[in-house]
Amino acid sequence: MKFFNLLKKELAELLNIQTIISLVVTMGLLMFMGSFMTDTIEEAVKQEYSVTLCDRDKTDFTADMIEKLRGYGAKVNEVTDNSEDYAELLENAGKENLVIIPEGFSEAVEKGETPELISIARMKSASMMSNVSNTNSGAETLISRCISDVFAADASLTAEDVERINSPVNVVSHTVVSDKSAEVSADMVMSKIMMQNMLLPIIVFVLIMMTSQGLMSGISNEKIDKTLETLLSAPVSRTAILGSKMLAAALVAMLNAVCFMFGFSAMMSGATKEATADISNTLAAEIMPVDTALEQLGLTLGMGDYILVGIQLFLTIMICLCLSLILGSLINDAKQAQTMIMPLMFGAMIPYMVSMLADINALPIAARIFVYAIPFTHTFSAIPNLMFGNNTIFYIGLIYQAIVFAVCMFMALRLFKSDKILTASLNFGQKSKYKKASKGEE
């Protein structure tokens with residue numbers, strides 16, 4: 001009964017109104033971002049293709065070429081302006097992109113020379129989405145196609161001949177994973193896997209940061225406010241006190257995990273909705289759909305695999321809680337709180353960055369040992385290891401995490417059952433206030 005009262009007290013402290021509001025606002029922002037990105041990408045992808053042209057050559061050839069552009073399905077907006085100031089030209093046209101057909105364009109084509117085309121685009125920012133609507137590259141491709149048709153006609157080539165020249169080979173892609181293969185391109189498989197697996201590393205990183213900060217702040221505040229000393233003197237076992245604190249922190253961490261997973265899923269679903277549709281349309285022409293290919297290559301996870309990943313995630317949270325409790329007991333004032341979280345931050349950031357940018361199993365042996373020595377790494381690499389059949393590495397990582405958790409839990413219990421929980425400090429060579437006070441009494 002006392003344990004549940006302690007658990008209720010710890011949950012009330014960790015799961016307060018500020019925390020709930022923060023979670024709700026965060027989920028709302030992530031879902032809003034996903035909706036915003038869906039609308040933006042959909043508008044950019046599904047808008048009617050249009051190109052703005054300034055024909056300065058004014059010949060029958062360029063007029064016919066513009067009509068061919070319309071025949072290819074492009075909406076052509078023609079402007080007339082001879083200004084050489086391209087910024088002023090875009091301003092007068094009221095457009096962000098413009099293609100200029102200069103004088104002498106038709107003459108160069110008739111002579112068999114390579115004609116010049118001027119492409120102007122306004123760049124407003126470095127944002128990827130701000131430049132999605134740049135249609136100049138498409139216009140250049142269509143114009144090049146028109147010129148190719150002219151050259152092909154002069155050489156008495158048919159449309160089939162031109163198609164064979166542009167696509168001289170038909171590439172049939174095969175992807176091999178271990179001893180399995182599927183008739184699908186590796187790029188398509190990688191795109192699908194990346195969209196599926198990019199969520200877990202983000203969730204793990206956020207969980208480690210929030211869990212460590214929450215418990216560390218709680219322990220340090222209780223120690224600074226002297227409430228921890230009162231709690232430890234109460235007729236309750238210290239094991240029950242430690243267990244209630246860790247269980248409450250774990251429950252709040254799992255709640256954060258669910259909320260962030262839901263929010264990130266909504267955001268990534270919105271961000272990749274159109275991209276996924278494009279990939280699906282592309283794969284319609286493939287020999288094998290990508291989902292079928294993933295199953296054939298053995299790159300899908302079953303319920304048992306996800307349970308193992310969940311166990312590893314739980315061990316990561318518990319290791320983080322034990323380390324946070326130990327580090328939090330070393331804090332004597334609020335200024336040290338930000339400093340003490342740095343080891344956990346770097347311990348999470350290193351495997352997070354490495355797992356996002358490289359294959360940990362392909363690193364040099366020294367770098368691999370260093371990265372895998374960080375217990376959080378095994379959770380970041382859990383899904384790739386299970387997908388690609390690195391079961392031995394996964395189970396070794398699971399056992400290693402269990403051992404690290406046992407050691408950290410033992411140290412936390414030893415610390416909590418002794419008076420060092422009240423006197424421990426990190427003063428970098430300076431005597432603690434407790435030791436100074438004891439010496440003064442002597």
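Residues numbered from 1 in each chain as written. Predicted model: local features only at pLDDT ≥ 70, side-chain atom pairs only at ≥ 80, totals over all residues. Heavy atoms only, no water.

J.: Can you tell me about the overall build of the protein, naming the residues and giving the values?
T.: Looking only at helices and strands, the protein has 21 helices and six strands in total. Burial status across the protein gives 39% buried among its 442 residues. Sequence-distant contacts in the protein: of pairs separated by 6 or more residues, those separated by 24 or more amount to 78%. (Helix = DSSP H or I, 4+ residues; strand = E, 2+ residues; numbered from the N terminus. Buried < 20%, exposed > 50% of the residue type's maximum accessible area, 1.4 Å probe, protein only. Contact = heavy atoms within 4.5 Å.)

J.: Help me get a handle on the pairing of strand β2 (residues 75-78), residues and values and all.
T.: Where strand β1 (residues 50-55) and β2 come together, four bridges link them in parallel fashion. Its bridge partner lying in β2, S50 is registered against K75. In this fold, the crossover linking β1 to β2 by way of helix α3 (residues 60-71) has right-handed handedness. (Pairing = 2+ DSSP bridges. Right-handed = clockwise from strand over helix to strand, strands pointing away.)

J.: Give a description of the sheet that holds strand β4 (residues 118-121) that names residues and reports values.
T.: Strand pairs in the sheet, formed through backbone hydrogen bonds, run parallel or antiparallel to each other. Taken together, the four strands give an open sheet; going across it, the order is β2-β1-β3-β4, and neighbouring strands pair in mixed fashion. Both edges of this open sheet fall to β2 and β4, since each of them pairs with a single strand only. Across the sheet, the axes of successive neighbouring strands diverge by a mean angle of 30 degrees, strand direction being ignored. Note that strand β3 (residues 97-101) and β4 share four bridges and pair antiparallel. By the bridge assignment for β4, I100 is matched with I118. Here α3 sits on the sheet and contacts β1, β2 and β3; the angle it forms with β2, its principal contact strand, is near 140 degrees. (Axes fitted to C-alpha atoms, helices over the stretch in contact; angles between N-to-C directions.)

J.: Which residues make up the packing of helix α13 (residues 303-328) against helix α19 (residues 391-417), and what values do they have?
T.: Across the interface, α13 lies against α19 with an axial gap of 9 Å and an inter-helix angle of 30 degrees. On the basis of their axis angle, the class for α13 and α19 is roughly parallel. Pair α13 / α19 crosses with left-handed handedness. (Parallel < 35°, antiparallel > 145°, perpendicular 65-115°, else oblique. Left-handed = near helix turned anticlockwise from the far one by under 90°.)

J.: Give a description of the pairing of β1 that names residues and reports values.
T.: Burial analysis of β1 places five of its six residues in the buried class, which makes it a mostly covered element. Bridge count for β1 against β3 is three bridges, and the pairing is parallel. Bridge pairing links L53 to V99 in β3.

J.: Tell me about unusual backbone geometry, residues and numbers included.
T.: Although it is not a glycine, K58 sits at a positive phi angle of roughly 50 degrees. Note that K58 resides in the loop between β1 and α3. According to the relative accessible area criterion, K58 is exposed, its value standing at 57%.

J.: Would you mind going over helix α9 (residues 199-224) in detail, with residue names and values included?
T.: If you check α9, its first and last C-alpha atoms are 37 Å apart, about what 26 residues at 1.5 Å a residue would give, namely 38 Å. Following α9 by one or two positions, K226 has its phi on the positive side, about 70 degrees. (Expected span 1.5 Å × (residues − 1).)

J.: Help me get a handle on the side chain of T377, residues and values and all.
T.: Here T377 shows up in helix α17 (residues 377-380). When sequence neighbours within four positions are dropped, the list of residues in contact with T377 reads P351, I360, V371 and Y372.

J.: Tell me about the side chain of T379, residues and numbers included.
T.: In this fold, T379 is placed in helix α17. A polar contact of 3.2 Å, which involves the side chain of T379, links it to the side chain of Q401. Those residues in contact with T379, other than ones at most four positions away along the chain, are L200, V204, Q312, L313, T316 and Q401. (Polar contact = N/O pair within 3.5 Å; in protein donor to acceptor, adjacent residues only side chain to side chain.)

J.: An account of the packing of α9 against helix α15 (residues 342-357) is requested, with residue identities and associated values reported.
T.: The interhelical angle for the contact between α9 and α15, taken along N-to-C directions, is 180 degrees, at an axis separation of 10 Å. Comparing their axes, α15 and α9 come out roughly antiparallel. Note on element contacts: α15 touches α9 through L344, M345, A348, M349, Y352 and M356, opposite P201, I202, F205, I208, M209, S212 and M216. Class assignment of the residues belonging to the contact of α9 with α15 gives a composition of twelve nonpolar, one polar and no charged. (Nonpolar A, V, L, I, M, F, W, Y, C, P; charged D, E, K, R; others polar.)

J.: Lay out the nonpolar core in plain terms, naming residues and giving numbers.
T.: Core analysis: the biggest nonpolar cluster contains 68 residues, and L299, L321, F376 and F416 have the highest contact counts within it. Sorting elements by how many residues they give to this core places α13 first, with 13 residues. Excluding its chain neighbours within four sequence positions, the residues that come into contact with F376 are I208, T316, I319, C320, L344, G347, A348 and P351. If you look at the next biggest cluster of nonpolar residues, it comprises 17 residues, including I66, V76, V109 and V150. (Core = buried A, V, L, I, M, F, W, Y, C linked by side-chain atoms within 4.5 Å.)

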